[in-house]
Amino acid sequence: MSADGGFGIYIHWPFCKSKCPYCDFNSHVRERIDEARWRKALLTELDHAAERLHGRRVGSIFFGGGTPSLMEPATVAALLERVNAHWPLDQDTEITLEANPTSVEAERFRDLRAAGVNRVSLGVQALDDAALRFLGRGHSTAEARAAVALAARHFPRFSFDLIYARPGQTVPSWRAELRAALAMAGEHLSVYQLTIEPGTAFFTTHARGDFVLPDDEVQGALYEATQEELEAASLLAYEISNHARPGAECRHNLIYWRYGDYLGIGPGAHGRVTLGGEKYALRNLRAPETWLQAVESKGDGREEAAALTASERRDELLMMGLRLGEGVTRERFRTETGGTIEAALDPTRLRALCDAGFLLFDDAGLRATAAGRQRLNAVLTQLLA
Ligand code: SF4
């Protein structure tokens with residue numbers, strides 16, 4: 001399926017000014033970056049991939065990271081020109097770039113817009129200076145507000161991210177922060193719960209007791225408050241952490257969650273590409289310099305390309321699709337797996353999860369309820385066992 005959303009292209013810029021203590025993304029701090037060399041390598045990998053993927057309609061391009069707003073707008077422009085040379089873009093192609101709301105990066109918005117970016121996603125994370133310091137962010141609340149206002153002026157579409165369930169956070173303080181965020185929001189907001197991931201600085205400091213996260217009950221209440229506040233503002237939860245007015249959903253992420261085809265360019269980028277009836281999982285080398293050298297010597301930085309088995313496709317489709325409010329339609333399931341949902345799943349487990357109020361299964365297809373999406377990993381473990 002490249003289905004409704006077309007083909008997606010993800011381009012990874014792996015560098016950040018500093019490493020945030022909660023971050024487990026493939027992001028790195030380097031004193032000096034040879035941007036011309038990186039630009040050439042990203043273009044080379046794009047050309048290499050295009051050789052086998054003629055004739056696709058590109059529905060979305062997404063510059064993620066790392067911090068792609070640190071790229072020179074000329075690099076973004078060169079990459080977009082090259083995508084357009086391989087797969088002619090149209091007015092409808094969503095072109096998103098992730099940005100941090102520091103004043104330096106916001107200054108580039110005009111040039112990024114001129115390069116073709118039509119949507120930005122800003123890492124605001126909090127509207128509270130103490131929380132921003134705790135999260136290791138390089139911007140203040142005032143800078144975040146200014147960057148959001150500038151984004152609204154320059155780009156037809158924008159979104160920003162917030163992180164909740166921070167130490168000491170209460171429901172009233174979070175509601176007040178959310179209302180402040182809604183006052184400056186556009187048609188899309190991403191709201192993530194703070195989690196402590198292995199390998200991060202927070203993993204160490206949390207383990208040694210430097211801070212305590214809100215307990216499960218408070219986390220649940222913060223989640224409920226989030227849903228209530230955003231729903232009241234007509235930003236509906238179309239995915240576990242993503243809220244939008246109908247029609248303003250992030251089309252790129254919808255490609256992932258609807259299990260469409262996408263290509264990943266850059267270190268550590270993943271892809272899912274259907275060729276000759278097979279769906280391939282593609283994974284690039286993760287370390288930036290290793291990827292760079294591989295591209296320079298052989299044209300791409302691929303570490304793995306594996307055809308997925310039927311049961312892997314079923315599992316991935318459900319793992320992605322059940323994140324969405326719309327779930328997995330019967331038609332999408334059949335297109336992707338060649339079979340029906342009933343035949344693919346254990347009926348006893350499916351019924352038990354429906355009876356417990358975590359899943360809904362009807363003529364439209366299979367979807368998780370709000371309660372099911374809140375504990376999706378546990379639901380999937382039971383469903384796919
Ligand atoms: S700016 Fe984003 S990608 Fe970079 S370290 Fe912070 S959270 Fe991670």
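Scroll up to find the structure this text is about.
Residues numbered from 1 in each chain as written. Predicted model: local features only at pLDDT ≥ 70, side-chain atom pairs only at ≥ 80, totals over all residues. Heavy atoms only, no water.

**With respect to the pairing of strand 6 (residues 188–193)**
Argument step 1. In this sheet, strand 6 lies alongside strand 5 (residues 157–164) in parallel orientation, the contact comprising five bridges. Looking at strand 6, one finds that Asp 161 is bridged to Ser 190.
Argument step 2. In the classification by handedness, the crossover that spans strand 5, the intervening helix 7 (residues 171–184) and the parallel strand 6 is right-handed.
Argument step 3. Two elements, strand 6 and strand 8 (residues 242–244), share three bridges in a ladder whose sense is antiparallel. By the bridge assignment, Ser 190 is partnered in strand 8 with Asn 242. (Pairing = 2+ DSSP bridges. Helix = DSSP H or I, 4+ residues; strand = E, 2+ residues; numbered from the N terminus. Right-handed = clockwise from strand over helix to strand, strands pointing away.)

**Observations regarding the environment of Gln 382**
Argument step 1. Locating Gln 382 in the fold gives a position in helix 17 (residues 376–383).
Argument step 2. Residues Gln 382 and Thr 204 lie 178 residues apart in sequence; the distance between their C-alpha atoms is 31 Å.
Argument step 3. Here Gln 382 is in contact with Arg 349 and Leu 353, once residues within four sequence places are set aside. (Contact = heavy atoms within 4.5 Å.)

**So, unusual backbone geometry**
Argument step 1. Between Gly 65 and Gly 66 the backbone carries a cis peptide bond, its omega angle lying at 20 degrees.
Argument step 2. Of note in this structure, Ala 165 is not a glycine but carries a positive phi near 65 degrees.
Argument step 3. For Ala 165, the position within the fold is in the loop between strand 5 and helix 7.
Argument step 4. Residue Ala 165 is classed as buried on the basis of its relative accessible area of 0%. (Buried < 20%, exposed > 50% of the residue type's maximum accessible area, 1.4 Å probe, protein only.)

**Considerations on the sheet that holds strand 15 (residues 365–368)**
Argument step 1. One open sheet holds the three strands; their spatial order is 13-15-14, and the pairing between them is antiparallel. Each edge of the open sheet carries a strand with a single partner, namely strand 13 (328–329) and strand 14 (359–361).
Argument step 2. Pairing of strand 14 with strand 15, which is carried by three bridges, proceeds in the antiparallel orientation. Looking at strand 15, one finds that Leu 360 is bridged to Arg 367.

**A closer look at the side chain of Asn 100**
Argument step 1. Within the secondary structure layout, Asn 100 lies in the loop between strand 3 (94–99) and helix 3 (103–106).
Argument step 2. In this structure, Asn 100 is in contact with Thr 67, Ser 69, Glu 105, Leu 122, Gly 123 and Arg 137, ignoring residues within four places of it in sequence.

**A word on helix 7**
Argument step 1. The first and last C-alpha atoms of helix 7 sit 20 Å apart over 14 residues, in line with the 20 Å expected at 1.5 Å per residue.
Argument step 2. Among the residues of helix 7, those classed as buried are Trp 174, Glu 177, Leu 178, Ala 181, Leu 182 and Met 184. Taken around the axis of helix 7, the buried residues stretch over an arc of 160 degrees, which confines them to a single face. Within helix 7, the exposed residues directed more than 90 degrees away from the buried face are Pro 172, Arg 179 and Ala 183.
Argument step 3. On its buried face, helix 7 sits against helix 6 (141–154), strand 5, strand 6 and helix 9 (216–232). (Expected span 1.5 Å × (residues − 1). Arc of directions from axis to C-beta.)

**Notes on the packing of aromatic side chains**
Argument step 1. Taken as a whole, this structure holds 13 aromatic pairs when the rule is applied.
Argument step 2. Ring geometry for Trp 13 versus Trp 38: centroids 6.0 Å apart, planes at 70 degrees, classification edge-to-face. Taken together, the residues Trp 13 in strand 1 (residues 7–13) and Trp 38 in helix 1 (residues 35–50) connect sequence positions 25 residues apart. One exposure class covers both Trp 13 and Trp 38, and it is buried.
Argument step 3. Put simply, the rings of Trp 13, Phe 15, Trp 38 and Trp 291 touch in pairs and so form one group of aromatic residues.
Argument step 4. Note that Arg 56 overlies the ring of Phe 7, its terminal NZ or CZ placed 5.2 Å from the centroid.
Argument step 5. Its guanidinium or amino end placed over the ring of Tyr 259, Lys 279 lies 3.9 Å from that ring's centre, counting from NZ or CZ. (Phe/Tyr/Trp six-rings, centres within 6.5 Å; stacked < 30°, edge-to-face > 60°. Lys NZ or Arg CZ within 6 Å of the ring centre and 35° of its normal.)

So far we have only geometry, and geometry alone does not tell us how the molecule works.
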